[in-house]
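# Inside the fold
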Amino acid sequence: MTLLLVNVLLALAWGGVTGSFTLLNLLFGFILGAGALYLIRKEIGSLGYLARMRRVVSLTFLFLVELVKSSWTVAMTVLSPRMDIKPGMFVYPLKVDKDAEITMLANLITLTPGTLSVDVSEDRRFLFIHALDCSDPDQLRHDIATGFERKIMEAFR
């Protein structure tokens, strides 16, 4: 049973004990349940879903920052009188191995302007990426590894 379900059940139990199932009272019971689960997190062997939620928010924030930065870079590249770019493709070795993680990484790369996930190798070990400016593919690999891929592994493992 997931901790979120346990927390919801604790909130419902709180509503039953107090005899009030109003939204405010159930929210209070949910907060009390989250606090209780936080106190016993070591005994149940889980960091809890609140820590995971924090990591997912961190991944979302990273994506938004990268979206703004790459949008600005692409806009400046397109608006500049001379485009000094070297478009190309490169292969990215994947550390993530689950289908959902690979899909998320590929989608985050595609949603970021200037890059496009083209394909995943059949053995799911490599991701083929097209970049608007592929003058330094090693730097692009490093940015993906220390950015999106690291945050995905932190959030979903």
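Notes on the structure in this doc start here. Since the model is a prediction, treat every value here as computed from it, not as a measurement.

### Things to note about the packing of aromatic side chains
Going through the model one piece at a time under the given rule, you end up with 2 aromatic pairs. Ring plane angle 65° and centroid distance 5.7 Å describe the contact between Trp14 and Phe28, whose orientation is recorded as edge-to-face. Here Trp14 is found in helix α1 (residues 3–18), whereas its partner Phe28 is found in helix α2 (residues 23–39), with 14 residues between them in sequence. When its relative accessible area of 28% is taken as the criterion, Trp14 is described as partly exposed. According to the relative accessible area criterion, Phe28 is partly exposed, its value standing at 42%.

### A word on a nonpolar patch on the surface
Together, Leu4, Leu5, Val8, Leu9, Leu12 and Phe21 make up a nonpolar patch on the protein surface, roughly 530 Å² of accessible area in all. Considering the arrangement of structural elements, one finds Leu9 in helix α1.

### Describing the side chain of Glu149
Inspection of the secondary structure puts Glu149 in helix α6 (residues 137–156). Accessibility expressed as a relative area gives 0% for Glu149, which makes it buried. Within the structure, Glu149 has its side chain in polar contact with the side chain of Tyr92 (distance 2.2 Å). In this structure the side chain of Glu149 is engaged in a polar contact, spanning 2.6 Å, whose partner is the backbone nitrogen of Lys95. For Glu149, the residues in contact, after removing those within four places along its chain, are Tyr92, Pro93, Leu94, Lys95, Val96, Leu105 and Ile144.

What counts and what doesn't
Residues numbered from 1 in each chain as written. Predicted model: local features only at pLDDT ≥ 70, side-chain atom pairs only at ≥ 80, totals over all residues. Heavy atoms only, no water. Phe/Tyr/Trp six-rings, centres within 6.5 Å; stacked < 30°, edge-to-face > 60°. Helix = DSSP H or I, 4+ residues; strand = E, 2+ residues; numbered from the N terminus. Buried < 20%, exposed > 50% of the residue type's maximum accessible area, 1.4 Å probe, protein only. Patch = residues over 30% accessible without salt bridge, like charges linked within 9 Å, V, L, I, M, F, W, Y side chains within 5 Å. Areas by Shrake-Rupley, 256 points an atom, 1.4 Å probe, with all protein chains shown as cover. Salt bridge = Lys/Arg side-chain N within 4 Å of Asp/Glu carboxyl O. Polar contact = N/O pair within 3.5 Å; in protein donor to acceptor, adjacent residues only side chain to side chain. Contact = heavy atoms within 4.5 Å.

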